Each structure stands twice: as structure tokens, then as C-alpha cells.
Amino acid sequence: MRITGISTHVVGTPWRNLTYVQVHTDEGISGVGETRMLGRTDALIGYLREAEANHILGSDPFATEDLVRRMKYGDYGRAGEIVMSGIAVIEMACWDIKGKALGVPVWQLLGGKVTDKVKAYANGWYTTERTPEAYHKAAQEVVARGYKALKIDPFGTGHFELDNDATLYSVSLIEAVRDAIGPDAELMLEMHGRFSPATAVRLARELAPFKPAWLEEPVPPENLKALEKVAAKVDIPVATGERIHDRIEFRELFESQAADIIQPDVGHIGGIWETRKLAATAETHYVLVAPHNVGGPVLTAASLQVGFTTPNFKILEHFNDFADAEIKKVVKGAPQVVDGYFHLSDAPGLGVELDTDAAAEFPQQQARFDLWADGWEQRKPKGTQ
């Protein structure tokens, strides 16, 4: 079996473009991969056009390790977000092809299941007025749908510091959410790399009474010493890693023991097998894995293949029941959350199929997601509100 070509399809919304890539073979079997880029979709498609000619055409989709190696190192230069995302979509599609050709789900090819279900947490649910009353109602709707975990960034446009009034207001939002979801649901606290270590520590202590399940990206991701400073001073588990695009770059993070949970994005870190390798390394450091997942149904399905086979897998993020829920129709067999969990599927490959006609109903947009702009949490960029 050989790869005869690839085709790309961009599904657009005002705040995110989802790039779907189909890999075609000479035996008539096609696979699909997906990633989500912020402001770099055209760059990704341009890279894939070059990679198709240089590395992908004529390759054996079963020789995934070799194809990934050639795409990562065969062009002399350091692979960053664009290259690793391009590798990811091709790699996912190759696993999909393998599973379809063999008649088994990808999780079976990764060593078999260690669980029948993966817990989900909701994100994108607070696209509403930024008030305690509105957040209370929205959070109630999340748990009413069966979710047992959800995540929120309550800090507005906070950057490095957060003054007293803004702090009190953020605390009031979290208090309202915790009251809405009860004491048992997990409440993930997102900081989006906003703060200085001192501010992050202060805010973590202010919010500790509401029992956050983790403190995510409390400081910008470039400085691991700053993250160590936070981790040493808070009792809340620390999560990070969505903006690290090469599993090798996690080495220093593991050595520092500054993170309790890592959050690689399967669509940015080179795909399913790269993520599974990283998860195995994390296991040797007693670190849990909770992938970043801001993509659509294909990326969700790919992340679940890792989840069903990984002993130290904690939970998977899910946007598509709340933000842009209508895009679920572009994929047949999209994973669904039932009673707060994704459940094991025996469908071959990734278990999903791209509907290109449905995808064409959502053309690429000039998507923007600016965390420093007022109203960012509504995910309606300026000019679309």
C-alpha cells in the first residue's frame, strides 16, 4: 500500500479554524487527521503542500514511524508548531488507514485497552455574560448534560497582575460555578499563562476553598523556573504543556517535577504515537496525562485512542457540545459524551469519517482568539458580535 496524495479541508468558525486532512492510498483506503491552528492555518496548508511532494507521496502508511522521522528531520531545521501539526494530521490519518485495513480500532494497535471509558471535561460553556448569575446558570446546564468536570478561566483580561477588585470579581465567578455544580464535580482552573509567579500563587490561595482539580498554565510556558516557583508554593495540582510541540522538550519539565499533569495536544505534538510515547515517559515520573483538545471530532477521536490505552490518562477536554456544536455534523461517528464519559468504540481505525459536503458549509474564516481582549470568553471576535 502506498500514499497517492492528500486533500485538505478547512472548517471555519469566527474563533477557530479546524484543518482536516485526508490521506489517500492506491488500495482505495483513506484516512483522516485533524488539528486546530490559531492564525497559522494557511502556513500549515503551505507546509503540507511541500511535505506532500518531499516526504508523503509514495510512502507506506503502515511505516508511520519512518514517515514521521523523515517529516521531522528530513528538512534541515527545527520542527515547531506548524511542522509538528502537519506531522500530526498525516500521522493520525495513517493510523486510521491501518485500522481500517486491518479491521480493528486504533486503540487495539496501540497495545489494547486499559479502560472502557474516558472521563470528559467541558470547555467553551461560558460563552455568556460574565456575571456570577450567568455563569451559575451555564454551569448548571453543563452538569445537567451529565458532565462531571468542567474548566473555566475567570480572570478576564488579567496579565501579570490582577488588582483587588478584579480578584474579588474572579473569585465571585468561581464561587458561583462551584455552587452550581456541587462539591463532587471537578472544577479545572485555567490561567492561560497570564500571571507572574507571585500573582498566580496569590490567586491559587484565594481560590483554594473552591477545591480546583488543577491550576493550569499559571505562568507563561517559556520559563520553567517560574513554574517551579509556583508549584513549590501551592497545594493544587499544576497542569501545563499544551504549548510544547515536541515530546523531547518535556524532558526539562519532568526533571523539575513542576507539573503534576501534562497536557500535550495530539494535533500539535506529532500525533497519536508521539503522544503515547510521551505518556509512557510521564508515567515513569508519576505524572498524569490530560490532552489539550480544542479541535473537532477527529482530533477528539485520535486523543481517545491514547486515552483508552494509557494507564496514567486522567481526562479529556471537550468543546464541541458547547462552542460551535453545529460543526459536529462534518464528521460521521463523532465521539459523544454520555453520563460524563466517552465510551470505548470498536469501529475500525479512528471510528470517524469526514463528510466533505458538510465541511464545505463552514468555509475558512479569519479566525481570531485574543485572550487579552474584553469578551474573549464569548469566542466572538470583534466585528462578529
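This text goes with the structure placed above it.
Cut-offs applied
- Residues numbered from 1 in each chain as written.
- Predicted model: local features only at pLDDT ≥ 70, side-chain atom pairs only at ≥ 80, totals over all residues.
- Heavy atoms only, no water.
- 1 Å grid on protein atoms, 1.4 Å probe; cavity = no way out; pocket = protein on both sides within 12 Å on 5 of 7 lines; lining within 4 Å.
- Points joined across faces, edges and corners; volume = space filled by probe spheres on them.
- Nonpolar A, V, L, I, M, F, W, Y, C, P; charged D, E, K, R; others polar.
- Phe/Tyr/Trp six-rings, centres within 6.5 Å; stacked < 30°, edge-to-face > 60°.
- Helix = DSSP H or I, 4+ residues; strand = E, 2+ residues; numbered from the N terminus.
- Buried < 20%, exposed > 50% of the residue type's maximum accessible area, 1.4 Å probe, protein only.
- Lys NZ or Arg CZ within 6 Å of the ring centre and 35° of its normal.
- Pairing = 2+ DSSP bridges.
- Axes fitted to C-alpha atoms, helices over the stretch in contact; angles between N-to-C directions.
- Contact = heavy atoms within 4.5 Å.
- Parallel < 35°, antiparallel > 145°, perpendicular 65-115°, else oblique.
- Left-handed = near helix turned anticlockwise from the far one by under 90°.
- Core = buried A, V, L, I, M, F, W, Y, C linked by side-chain atoms within 4.5 Å.

Let us now look at empty space enclosed by the protein. Per the stated rule, a full pass over the model turns up one cavity of 30 Å³ or more. Lining the largest cavity we find Glu217, Pro218, Val219, Pro220, Pro221, Asn223, Leu224, Leu227 and Thr240. For the lining of the largest cavity, the residue count by class is six nonpolar, two polar and one charged.

Under the defined criterion, the tally for this structure stands at twelve aromatic pairs. The interplanar angle of 40° and the centroid separation of 5.6 Å between the aromatic rings of Trp15 and Phe319 together place this pair among those described as tilted. Of this pair, Trp15 sits in the loop between β1 (3–12) and β2 (17–25) while Phe319 sits in the loop between β11 (316–318) and β12 (331–332), placing them 304 residues apart in sequence. This pair shows no difference in class: Trp15 is buried, exactly as Phe319 is. Measuring from ring centre to ring centre gives 5.5 Å for Tyr121 and Trp214, while their planes differ by 85°; the resulting arrangement is edge-to-face. Residue Tyr121 is located in strand β4 (residues 117–122), and its partner Trp214 is located in strand β7 (residues 214–216); the two are separated by 93 residues in the primary sequence. Taken together, the ring pairs in this structure connect Trp15, Trp125, Tyr126, Tyr135, Phe319, Phe369 and Trp376 into an aromatic cluster. Between Arg379 and the ring centre of Trp15, over which it is positioned, the NZ or CZ distance is 4.8 Å.

Turning our attention to the sheet that holds strand β3 (residues 30–37). The antiparallel open sheet is built from three strands, whose spatial order is β1-β2-β3. What marks the edges here is a single partner per strand, and that holds for β1 and β3. Direction aside, neighbouring strands of the sheet carry axes that sit 20° apart on average. In the sheet, β1 pairs with β2 via nine bridges, with the strands oriented antiparallel. Looking across to β2, one finds that Val11 is bridged to Leu18. With respect to the sheet, helix α1 (residues 41–56) is in contact with β1, β2 and β3, its orientation differing from that of β1 by roughly 175°.

This part covers the layout of surface pockets. Of the pockets and cavities examined, the largest pocket occupies roughly 720 Å³. If you trace the largest pocket, you find 34 residues lining it, with Leu38, Glu242, Arg243, Phe369 and Leu371 closest to the centre. The residue inventory of the lining of the largest pocket, partitioned by class, reads twelve nonpolar, eight polar and 14 charged.

Here we take up the packing of helix α7 (residues 197–207) against helix α8 (residues 224–231). Remark: α7 packs on α8, axes separated minimally by 9 Å, with the N-to-C direction vectors making an angle of 30°. As far as their axial angle goes, α8 and α7 are roughly parallel. Here the hand of the crossing between α7 and α8 comes out right-handed. Across the interface between the two elements, Pro197, Ala200 and Val201 of α7 pack against Ala226, Lys229 and Val230 of α8. For the contact of α7 with α8, the per-class residue count stands at five nonpolar, no polar and one charged.

Attention shifts here to the nonpolar core. In terms of nonpolar packing, the biggest core is built from 92 residues, with Trp125 and Ile272 touching the most fellow members. Core analysis: the second largest hydrophobic core is formed by 21 residues, Ile3, Met84, Val89 and Ala93 among them.

Attention now goes to α7. Every buried residue of α7 is accounted for by Pro197, Thr199, Ala200, Val201, Leu203, Ala204 and Leu207. In the core, the buried residues of α7 are packed alongside α6 (164–181), β6 (186–190), β7 and α8.

Here we take up unusual backbone geometry. Positive phi is not limited to glycine here, since Glu217 has a value of about 40°. With respect to the secondary-structure elements, Glu217 resides in the loop between β7 and α8. Look at Glu217 and you get buried, because its relative accessible area is 2%. Unusually for a residue other than glycine, Gln257 sits at a positive phi of about 55°. As for its placement among the helices and strands, Gln257 is situated in the loop between α9 (251–256) and β9 (261–262).

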